[in-house]
Amino acid sequence: MAEKKEQFEPKIIGFLCNWCTASAADLAGTTRAQYPPNMHPIRVMCSGTVDPMYVLKALLSGADSVMIGGCHPGDCHYVSGNYKARRKIAMLKQIFKSLGLDENRIWLRWISASEGPEFARFIRQITEETRKQGPSPMASDWTV
Amino acid sequence: MTKSATLEVKDGKIRQAINGFLKDLFAKKVVKAMLVPLAHPAGTNVVQALISDPANLDNADVYAPVMPVNSAKILQAMTRLTPTDRKTAVVLRPCEMRAVVELIKLKQVQPDNLIFIGIDCPGAYSVKNYPKFVSEKKTSDDFVKAGFMWADDAMLRAGCQICEYPYPLTADISIGMLGLEPGKVILQADTAQGEAALKTLGFSIDTDSDIAKKRQAALTKLAADVKERRKKFFAKTKEEIGGIEKLTKVFASCIKCQNCRQACPVCYCRECVFISPTFELESDKYLRQAEKKGGIRMPADTLLFHLTRMNHMGNSCVGCGACEEACPNDIPLLKLFQLIGSEAQELFGYVPGRNVEEPLPASAFREKEFEWIGEK
Ligand code: SF4
Ligand code: SF4
Ligand code: FES
């Protein structure tokens, strides 16, 4: 008798800006929007504070993908943190490409405090996409 | 427009002619001090020295094919706290000059009162290989007269073999030899300070002289050749190291001594995060990390260290190869950092060391750029 294959449940780490995406997450919660529980949120004061090192640490320690959620361009509480975040992530993704690593496991998104439904939709999207990608080879490699 | 003078070389003695020019900078009071490579009495190395007495210049050997330390690192130590208060010449290779420019942007080098004398660079051997060169009774004059052969001299450091800019990009005075007949040397003034210095020394300055144009043409051709060579090199590198499995194999012999970071001229942080309290963890944190995967390599965070360094300074990597030279286990760091560095630099349209006014990619942004990253 064939065993029922268990669905792969991706682990996702989310760095959420306090002023926007983290509030969107709260809003999604209070309005009971439906989204999967795979994303583990870490609240940060601005997307610009997320050094690539933290994204790397997550990916090398077991995360199958990482999201960074920040304020829309022009709306950063600290004026330009999100633009700088975008450069850091561009750099990180480029390095992944150069080294033949999977840059599609790194997601940067602008989600404002009022976009609860968009937050829920995005979490469904990243969870589905990561599920399709399967377990990250870095996540389980003890030699990294 | 080029402004240059011819340096007279008697009996083919290039080293002697260059040392004479350097001495003249003291004699004519253009400078009071100089950071310059001197032959070490041991005969096994040529090391940078900060001199105030021009008599030391009898030992100067700026074309000896060895570069123990990237001089940018030395200038950081020397000028970070205070700029020099007297005119000081710095004789350095193109990759050192480019690293200096990056450190000026990072407020680690204060260039006031420095006058930079760059060289057309035929490359350098590892410190550990230099004695071999000496024992074959070869001199720096033999070395430069043999021509500039980065691609053909397998003993040259890996970085030199694929060097993108073996000529100074921003020096005050460039000692030019590229594309010229062996034994011919020009002094090209690339700034007003450089021109004034040459005039004080009594050189007559030509504008766009034939010999300067000849060198310029050689540089243009070289740039095209190097581009091809680098393209092939990077394609091969990608095959060798692409993907997490191959990448972890490359670092299998890493002992996380961090010598690579210590030697890198553009890894400028006074205290690296990897030796800071951020990475001083209680035992249960290690154990929890181990539990997540069933086991983790120790010392922990080896690949994290290298990938973080790539993110933090990849845009400023000048390809000097100091990292690889410093590695006790011969990890091909130059290859890795030049691969990621050149592709990232292309993405940001940035050339480290090209222009001191050009902002570092990490400290600048445009409102409309990389929009695909936030939107997809
Ligand atoms: S990473 Fe290596 S090649 Fe690049 S600047 Fe640093 S020491 Fe030089
Ligand atoms: S110098 Fe070599 S062994 Fe030491 S940390 Fe760097 S790569 Fe690892
Ligand atoms: S405050 Fe939200 S991204 Fe800067």
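Reading the values: rules and limits
Position numbers for residues count from 1 along each chain, tracking the sequence in the order it is written. Numbering of ligands from 1 and lettering of chains from A proceed in the order in which they are written. Restriction of local features to residues with pLDDT of at least 70 applies here, the model being predicted, together with a cutoff of 80 or more for giving and counting side-chain atom pairs; totals for whole chains, interfaces and linings are based on all residues. Remark: hydrogens and water are excluded; side-chain values derive from all non-hydrogen atoms of the structure. The secondary structure listing takes helices from DSSP runs of H or I that are at least 4 residues long and strands from runs of E that are at least 2 residues long, numbered from the N terminus. Using C-alpha atoms as the atom set, the radius of gyration is obtained and then compared with a globule rule of 2.2 Å times the number of residues to the power 0.38. Working definition: with a 1.4 Å probe on protein chains only, accessible area under 20% of the residue-type maximum means buried, over 50% means exposed, and in between means partly exposed. By the convention used here, residues are in contact when the closest approach between their heavy atoms is within 4.5 Å. His residues and chain termini do not enter the charge count, which takes Lys and Arg as positive and Asp and Glu as negative. A single reference atom marks each charge: NZ on Lys, CZ on Arg, CG on Asp, CD on Glu. Two strands qualify as a pair provided that DSSP identifies no fewer than 2 bridges between them. The axes used here are C-alpha line fits, helices contributing only the stretch in contact, and every angle between their N-to-C directions lies in the interval 0 to 180 degrees. In plain words, nonpolar cores are sets of buried Ala, Val, Leu, Ile, Met, Phe, Trp, Tyr and Cys residues tied together by side-chain atoms within 4.5 Å. Note: domain ranges come from an automatic or database domain assignment. Each patch is built from residues that are more than 30% exposed by relative accessible area and take part in no salt bridge. Like charges join if they lie within 9 Å; nonpolar side chains (Val, Leu, Ile, Met, Phe, Trp, Tyr) join within 5 Å. Residue exposure ignores everything except the shown protein chains as possible cover, and the areas themselves are Shrake-Rupley values with a 1.4 Å probe. We define a salt bridge as a contact between a side-chain nitrogen of Lys or Arg and a carboxyl oxygen of Asp or Glu at a distance within 4 Å. Only a pair of cysteine sulfur atoms within 2.5 Å counts as a disulfide in this structure description. In short, buried area is how much 1.4 Å probe accessible area vanishes from two parts on joining, totalled over both. One less than the residue count of a helix, multiplied by 1.5 Å, gives the span that helix is expected to have. We call two N or O atoms a polar contact when they sit within 3.5 Å, provided that within protein one can donate a hydrogen and the other can accept it, with sequence-adjacent residues counted only if both atoms are side-chain atoms. Only Asp, Glu, Lys and Arg are considered charged, only Ala, Val, Leu, Ile, Met, Phe, Trp, Tyr, Cys and Pro nonpolar, and every remaining residue, Gly among them, polar.

## With respect to the overall build of chain B
At step 1: Per the secondary structure count, chain B includes 15 helices and eight strands.
At step 2: Over its C-alpha atoms chain B spans a radius of gyration of 22 Å, differing by no more than 12% from the 21 Å that the globule rule assigns to 376 residues.
At step 3: With respect to the principal axes defined by its C-alpha atoms, chain B has extents near 70 × 55 × 45 Å.
At step 4: A total of 376 residues make up chain B; the buried ones form 53% of that total.
At step 5: Look at the contacts in chain B between residues 6 or more apart in sequence, and 74% of them connect residues 24 or more apart.
At step 6: Side chains of chain B give 51 positive and 46 negative charges; the mean places of these two sets differ by 2 Å.

## Re the sheet that holds strand β3 (residues 65-70) of chain A
Residues and elements named next belong to chain A.
At step 1: Strands sit in the order β2-β1-β3-β4 across an open sheet of four strands; the sheet is parallel. Edge positions in the open sheet fall to β2 (39-44) and β4 (106-110), since each of these has one partner strand only. Along the sheet, successive strands turn relative to each other by an average axial angle of 20°, direction set aside.
At step 2: Pairing analysis gives six bridges linking strand β1 (residues 12-17) to β2, with the strands arranged parallel. Within β2, the residue paired with Cys17 across the bridge is Val44.
At step 3: On the sheet, helix α1 (residues 21-30) packs against β1, β2 and β3 and is oriented at approximately 110° with respect to β1.
At step 4: Those strands touched by helix α3 (residues 81-98) are β3 and β4, and its axis lies near 160° from that of β4.

## Focus on the nonpolar core
Nonpolar side chains tend to gather and get buried jointly when the protein is soluble and globular.
At step 1: One finds Leu99(A), Phe21(B), Leu22(B), Met34(B) and Val36(B) to be the most contacted residues of the largest nonpolar core, which totals 137 residues.
At step 2: Shared between two domains, this core takes at least three residues from each, and those domains are domain 1 (3-227) and domain 2 (241-373) of chain B.
At step 3: If we skip the residues at most four places from it in the chain, Phe21(B) touches Leu7(B), Ile117(B), Ile173(B), Ile175(B), Leu187(B), Leu198(B), Leu201(B) and Phe203(B).
At step 4: Judged by nonpolar contacts, the second largest core, of 14 residues, contains Ala22(A), Ala28(A), Met39(A) and Phe119(A).

## A few points about the sheet that holds strand β1 (residues 3-7) of chain B
All names here are of chain B.
At step 1: As summarised here, the arrangement of the eight strands in space is β3-β2-β4-β5-β6-β7-β1-β8, forming an open sheet in which the pairing is mixed. Strand pairing shows two members of the sheet lacking a second neighbour, β3 (46-51) and β8 (206-207), which therefore form its edges.
At step 2: Bridge analysis of strand β6 (residues 173-176) against strand β7 (residues 185-189) gives four bridges, and the strand direction is antiparallel. Note on β7: the bridge partner recorded for Ser174 is Gln188.

## Let's talk about a nonpolar patch on the surface
All names here are of chain A.
At step 1: Together, Trp19, Met45 and Tyr78 make up an exposed nonpolar region whose accessible area comes to about 310 Å².
At step 2: Relative to the helices and strands, Met45 resides in the loop between β2 and α2 (52-60).
At step 3: When its relative accessible area of 43% is taken as the criterion, Met45 is described as partly exposed.

## Describing the state of the cysteines
At step 1: Under the counting rule described, the total for this entry stands at zero disulfides over all chains.
At step 2: Between Cys160(B), a free cysteine, and Cys121(B), which holds the nearest cysteine sulfur, the sulfur-to-sulfur gap is 6.0 Å.

## Details of the domain arrangement of chain B
The accessible area lost on association of the parts is a frequent measure of interface size.
Residue and element names in this part refer to chain B.
At step 1: One can read the domain layout of chain B as domain 1 (3-227) and domain 2 (241-373).
At step 2: Spacing between the C-alpha centres of domain 1 and domain 2 amounts to 29 Å.
At step 3: The interface of domain 1 with domain 2 comprises 26 residues on the first partner and 29 residues on the second.
At step 4: Between domain 1 and domain 2, a total of about 2200 Å² is buried, with carbon and sulfur atoms accounting for 57% of that surface.
At step 5: Among the residues domain 1 hides against domain 2, the three largest losses belong to Lys73, Glu102 and Lys105. Together they make up 26% of the total.
At step 6: For the interface between domain 1 and domain 2, the tally reads one salt bridge.
At step 7: The partner of Glu325 in a salt bridge is Arg157, and the shortest N-O contact between them spans 3.6 Å.

## Overview of α3(A)
Residue and element names in this part refer to chain A.
At step 1: With 18 residues, α3 extends 26 Å from end C-alpha to end C-alpha; this agrees with the ideal 26 Å at 1.5 Å per step.
At step 2: Of all 18 residues in α3, 15 are buried, a share of seventy percent or more.
At step 3: Once α3 ends, the next one or two residues include Gly100, with phi positive near 70°.

## Here we look at the interface of chain A and chain B
At step 1: In this assembly, 40 residues from chain A lie in contact with 50 residues from chain B.
At step 2: Note on chain A versus chain B: buried area summed over both sides is about 3900 Å², and carbon and sulfur give 63% of it.
At step 3: Interface area lost by chain A to chain B is led by Arg87(A), Met91(A) and Leu99(A), which between them contribute 20%.
At step 4: Applying the counting rule to chain A against chain B returns two salt bridges.
At step 5: Taking the shortest distance from any N to any O, the salt bridge between Asp301(B) and Lys57(A) comes out at 2.7 Å.
At step 6: Remark: the boundary between chain A and chain B carries 17 residue pairs in polar contact (both at pLDDT 80 or more).
At step 7: Elements supplying a minimum of two residues to the side of chain A that touches chain B: α2, α3, β4 and α5 (137-140) of chain A.
At step 8: Of all the elements, α3(A) adds the most residues to the side of chain A that touches chain B, at 14 residues.

## A look at the side chain of Gln289(B)
At step 1: For Gln289(B), the location among the structural elements is in helix α11 (residues 283-293).
At step 2: At a separation of 3.1 Å, a polar atom in the side chain of Gln289(B) contacts the side chain of Lys57(A).
At step 3: Ignoring sequence-local partners within four residues, the contact set of Gln289(B) consists of Lys57(A), Leu281(B) and Ile296(B).

## Considering the packing of helix α2 (residues 71-79) of chain B against helix α3 (residues 94-105) of chain B
Residues and elements named next belong to chain B.
At step 1: One can describe the packing of α2 onto α3 by two numbers: an axis separation of 8 Å at closest approach and a directional angle of 35°. Together, Ser71, Ala72, Leu75 and Gln76 of α2 and Glu96, Ala99, Val100 and Leu103 of α3 make up the contact between the two elements.
At step 2: Of the residues that constitute the contact of α2 with α3, the class distribution is five nonpolar, two polar and one charged.

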